[in-house]
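These are the residues of each chain, in order.
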Amino acid sequence: MFTDNKNLKQLAPKVWVYKNFVSKEKVQEINKIIAQNLKKLRVFNNYTLPELANKVGVTSQQLQKYEVGKSRVSIERIEQLAIIYNVTVSYIIEKPIEL
């Protein structure tokens, strides 16, 4: 993405601000919401872990890690799951889902 150190040095303060803008506790809270929502959506849509894993292209163990919050889910993976579940990304990440 960056071709020289000058660009990296210019970016460093912005990265620092971003990393320190959201507290560690808030990040953990958001990750917990995402994990719970992913599991609720999978169960609601009647997918088993192996079925969904095959559809997504990951192992069922990785999906389980997403659902229990042991592994962070990339935004690209959230987008992929949102398409499968026919919901928006914000539906998955913003607040706990009530199904």
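Scroll up for the structure.
Parameters at a glance
Residues numbered from 1 in each chain as written. Predicted model: local features only at pLDDT ≥ 70, side-chain atom pairs only at ≥ 80, totals over all residues. Heavy atoms only, no water. Buried < 20%, exposed > 50% of the residue type's maximum accessible area, 1.4 Å probe, protein only. Helix = DSSP H or I, 4+ residues; strand = E, 2+ residues; numbered from the N terminus. Arc of directions from axis to C-beta. Contact = heavy atoms within 4.5 Å. 1 Å grid on protein atoms, 1.4 Å probe; cavity = no way out; pocket = protein on both sides within 12 Å on 5 of 7 lines; lining within 4 Å. Points joined across faces, edges and corners; volume = space filled by probe spheres on them. Nonpolar A, V, L, I, M, F, W, Y, C, P; charged D, E, K, R; others polar.

1. Things to note about helix H5 (residues 75-85)
Among the residues of H5, those classed as buried are Ile78, Leu81, Ala82 and Tyr85. Down the axis, H5 shows its buried residues gathered within 105 degrees of arc, on one side only. H5 presents Glu76 and Ile83 as exposed residues on the side facing more than 90 degrees away from its buried surface. Here the buried face of H5 lies against helix H2 (24-44), helix H3 (49-56) and helix H6 (89-93). Looking one or two places after H5, you find asparagine 86, whose phi comes out positive at around 60 degrees.

2. A short note on empty space enclosed by the protein
If you walk through the whole model with that rule in mind, you get one cavity of 30 Å³ or more. Computed from the structure, the largest cavity encloses a volume of approximately 30 Å³. Around the largest cavity, the lining residues are Leu38, Leu52, Leu63, Tyr66, Glu67, Leu81 and Tyr85. Of all elements in the fold, only helix H4 (60-68) and H5 reach the threshold of two or more residues within the lining of the largest cavity. Among the residues forming the lining of the largest cavity, the class breakdown is six nonpolar, no polar and one charged.

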